[in-house]
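Examination of the molecular architecture
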Amino acid sequence: MSQNKEIGIIIPYEDFLNISDETKQKMLENQQIEWFISIKKDKYEQLSDEEKQNLKGFKCTEREPLRAKKPDVNKIFENMKVPVTVSVKQIERDLKEKHKKHSKPYVPLKIGKICTKKKGGR
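Below: a short report on this structure.

Each value, and the rule that gives it
- Residues numbered from 1 in each chain as written.
- Predicted model: local features only at pLDDT ≥ 70, side-chain atom pairs only at ≥ 80, totals over all residues.
- Heavy atoms only, no water.
- Pairing = 2+ DSSP bridges.
- Helix = DSSP H or I, 4+ residues; strand = E, 2+ residues; numbered from the N terminus.
- Axes fitted to C-alpha atoms, helices over the stretch in contact; angles between N-to-C directions.
- Buried < 20%, exposed > 50% of the residue type's maximum accessible area, 1.4 Å probe, protein only.

For the rest of this paragraph, the subject is the sheet that holds strand S2 (residues 33-38). The sheet built from three strands is open, its strands ordered S1-S2-S3 with parallel pairing. Of all strands in the sheet, those bounded by a partner on one side alone are strand S1 (7-12) and strand S3 (59-61). The sheet shows a mean angle of 35 degrees between the axes of neighbouring strands, direction not considered. As paired strands, S2 and S3 are joined by three bridges and run parallel to one another. By the bridge assignment for S3, Phe36 is matched with Lys59.

Structure (structure tokens):
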């Protein structure tokens, strides 16, 4: 990476072909990210001059991009010591009770010439 770039990102060549020209131009204009295209030497040599021209401004490398493995969600919960038992019906019931406690309809103080405030009483 050059000295003024902070991050280097590797893109497979097959994915690079699907990127639009406008997006490629924006990628080159970015001052903080340096873009690398992952392509093997023998495959690069087979490219035509026009295809090599499309790679102008990008650096080619043989390194493959890092692929993060997605964790298996079921295994994560199996390893937990506390069993997770929350039912959707229980949550719905709790929300309904909370709504009943806190919801009061809006009543204006005056409807026409009639005052709706309580009078007297205990």
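Here we take up the pairing of S2. Taking burial as the measure, the six residues of S2 include six buried ones, the bulk of the element. Burial along S2 is two-sided: Ile33, Trp35 and Ile37 and Glu34, Phe36 and Ser38, pointing in opposite directions, are all buried. Across six bridges, S1 lies against S2 in parallel orientation. Among the inter-strand pairings, Ile11 is bridged to a residue of S2, identified as Ile37.

Interpretation in functional terms is not warranted from these geometric data alone.
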